[in-house]
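Commentary on secondary and tertiary structure
Okay, here's what each chain looks like letter by letter:
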Amino acid sequence: MRKRYFMPALLAAMALTCSLAFAQTVKVGVINTYTGPLAAAGDQMQRGIDLYMKLHQKDLPPGISIELIKRDDTGPNPEVAKRLAQELITRDKVQLLTGVIWTPNALAIAPLVTEAKVPFIIMNAGTAIITTKSPYIARVSFTLWQSSYPLGSWAAKNGLKNVYTLVSDYGPGIDAEAAFTKAFTDGGGKIAGSVRMPVTAPDFVPFLQRAKDAKPDAVFCFVPAAKAATAFMKAFDDLGLRGAGIKLIGPGDITTDEELPGMGDVAIGTITMHHYSAAGDRPANKAFVAAYKAEYGAKDEPSFLAADSYDGMAAIFHVVIAQHGNIDPDKTMDLLKGWKYDSPRGPIMIDPETRDIVQNEYLRRVEKVNGQLQNTEIETIPMVKDPWKELNKTK
Ligand code: PHB
């Protein structure tokens, strides 16, 4: 009797276990900026995510799928981002969190992912300190120290004596200013003036007028990528700084690839340091740019935001595939530590010690090639670790 009931029950249990083992949906919460005046950056991020999903869905083992649950933070709004992360974790039960353009939002989410043990793969937010705020954070994007510190050394070695810094008054701007100033003054350069500007929709004209009056060799600028960068470039043109012989330099956020056509010729000659250029001459980048154009239009160039979020999805696929869809938070973090990838930007790695990205930085100049503006890479600094963490290591 017992045997008669036991066998079918056993078979049913085995079938259930097998189907559970083979049909797995990994829920990934994406916090991005889909609406509001800063949504252009969010669009770039989403394009990178969607492109990776489209091209690589086939790489997932049979029965395993990834469900993206998208939420709109509407811009640098930490309270909104925190609420969205809370809901994604407790109500939607996401196993991974990703996205996040804005530093204040990433900082607001950090304590939640620590408490809930939800791995959080940051696709943009670039203030150095973010990764120190939770052991469940890994960053695939960049830090402002990574670009602005080597740029400061380059500026000091390449004939710039007096530089005026103009940055957005929040985490990444303050980091960019500090990193540039340290390397530039260590190399013998002088800061002609330092001014911080409001983050959202500032009128750049009065700030640039003050910079012009100080007669520096160059203006170093950080504003968030996308539309703010174009507005800054236009104001630089309107006030005639280029004509007065003042150079423009900064992290690559200020000459983001997708905005170059809208910036116009005033952008030519701008020197930036960054980890990604759509003009980068690498096989992985050629393939990425071709796939991007096939998807979104031949005239559209991917920006670093698209490239970084594409890589972020590669990291997510890596942890999903390695665990056959059964996401364990600590195993996930172990899989991310030391993860290497042949990215469109060149080789990248997640530093096992800091969970921050290690990548090449490229010195670039905006040039017109075949009638089109591009960030031409002219020098490579290989595999740069976040200098802020290197300089602040506890011995
Ligand atoms: C940030 O908020 O960390 C941020 C936003 C836009 C950028 C860079 C950094 O271009």
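Coordinates for the structure precede this section.
The sections below set out a description of the structure shown in this document. This one's a predicted model, so the numbers in the text were calculated from it and none came from an experiment. (Residues numbered from 1 in each chain as written. Predicted model: local features only at pLDDT ≥ 70, side-chain atom pairs only at ≥ 80, totals over all residues. Heavy atoms only, no water.)

A word on the site of the ligand. Residues in close proximity to the ligand total 14 residues, the closest being Thr 103, Gly 126, Tyr 170, Ala 225 and Asp 253. The contact in question runs from an oxygen atom of the ligand to an N or O atom on the side chain of Thr 103, over 2.5 Å. Ala 225 has a polar backbone atom sitting 2.9 Å from an oxygen atom of the ligand. The fraction of the free accessible surface of the ligand (280 Å²) that becomes covered by protein chains is 98%. (Near = heavy atom within 4 Å. Polar contact = N/O pair within 3.5 Å; in protein donor to acceptor, adjacent residues only side chain to side chain. Areas by Shrake-Rupley, 256 points an atom, 1.4 Å probe, with all protein chains shown as cover.)

The subject of this paragraph is the side chain of Thr 143. As for its position among the elements, Thr 143 is in the loop between strand E5 (137–139) and helix H5 (144–157). Here Gln 146 takes part through its backbone nitrogen, which lies 3.0 Å from a polar atom of the side chain of Thr 143. Beyond its immediate sequence surroundings of up to four residues, Thr 143 is in contact with Gly 126, Ala 128, Asp 356, Asp 386 and Pro 387. (Helix = DSSP H or I, 4+ residues; strand = E, 2+ residues; numbered from the N terminus. Contact = heavy atoms within 4.5 Å.)

A separate point is the packing of helix H2 (residues 39–56) against helix H10 (residues 283–296). Where H2 contacts H10, the two axes come as close as 11 Å, and the packing angle between them is 100 degrees. Considering their axes alone, H2 and H10 lie roughly perpendicular with respect to each other. Every residue of H10 that contacts H2 at Gln 44, Arg 47, Asp 50, Leu 51, Lys 54 and Leu 55 is listed here: Phe 288, Ala 291, Tyr 292, Glu 295 and Tyr 296. Residues of the contact of H2 with H10, tallied by class, amount to six nonpolar, one polar and four charged. (Axes fitted to C-alpha atoms, helices over the stretch in contact; angles between N-to-C directions. Parallel < 35°, antiparallel > 145°, perpendicular 65-115°, else oblique. Nonpolar A, V, L, I, M, F, W, Y, C, P; charged D, E, K, R; others polar.)

Bringing the pattern of salt bridges into the picture now. In the structure shown here, the tally under the stated rule is 22 salt bridges. A salt bridge links Arg 47 to Asp 43; the shortest N-O distance between them is 3.6 Å. Residue Arg 47 and its partner Asp 43 are located together in helix H2, separated by four residues, close to a single helical turn. Arg 83 is the partner of Glu 87 in a salt bridge, and the nearest nitrogen-oxygen pair spans 3.6 Å. Highlighted residues: Glu 87 and Arg 83, both in helix H3 (residues 78–90), separated by four residues, approximately one helical turn. The partly exposed category is assigned to Glu 87, whose relative accessible area is 23%. (Salt bridge = Lys/Arg side-chain N within 4 Å of Asp/Glu carboxyl O. Buried < 20%, exposed > 50% of the residue type's maximum accessible area, 1.4 Å probe, protein only.)

Let us now look at the pairing of strand E13 (residues 357–369). Direction of pairing for strand E10 (residues 271–274) relative to E13: antiparallel, over a ladder of four bridges. By the bridge assignment, His 274 is partnered in E13 with Tyr 362. Where strand E12 (residues 346–350) and E13 come together, three bridges link them in antiparallel fashion. By the bridge assignment, Ile 348 is partnered in E13 with Gln 359. Both E13 and strand E14 (residues 372–384) contribute to a ladder of ten bridges, which runs antiparallel. The partner of Leu 363 across the bridge, within E14, is Glu 379. (Pairing = 2+ DSSP bridges.)

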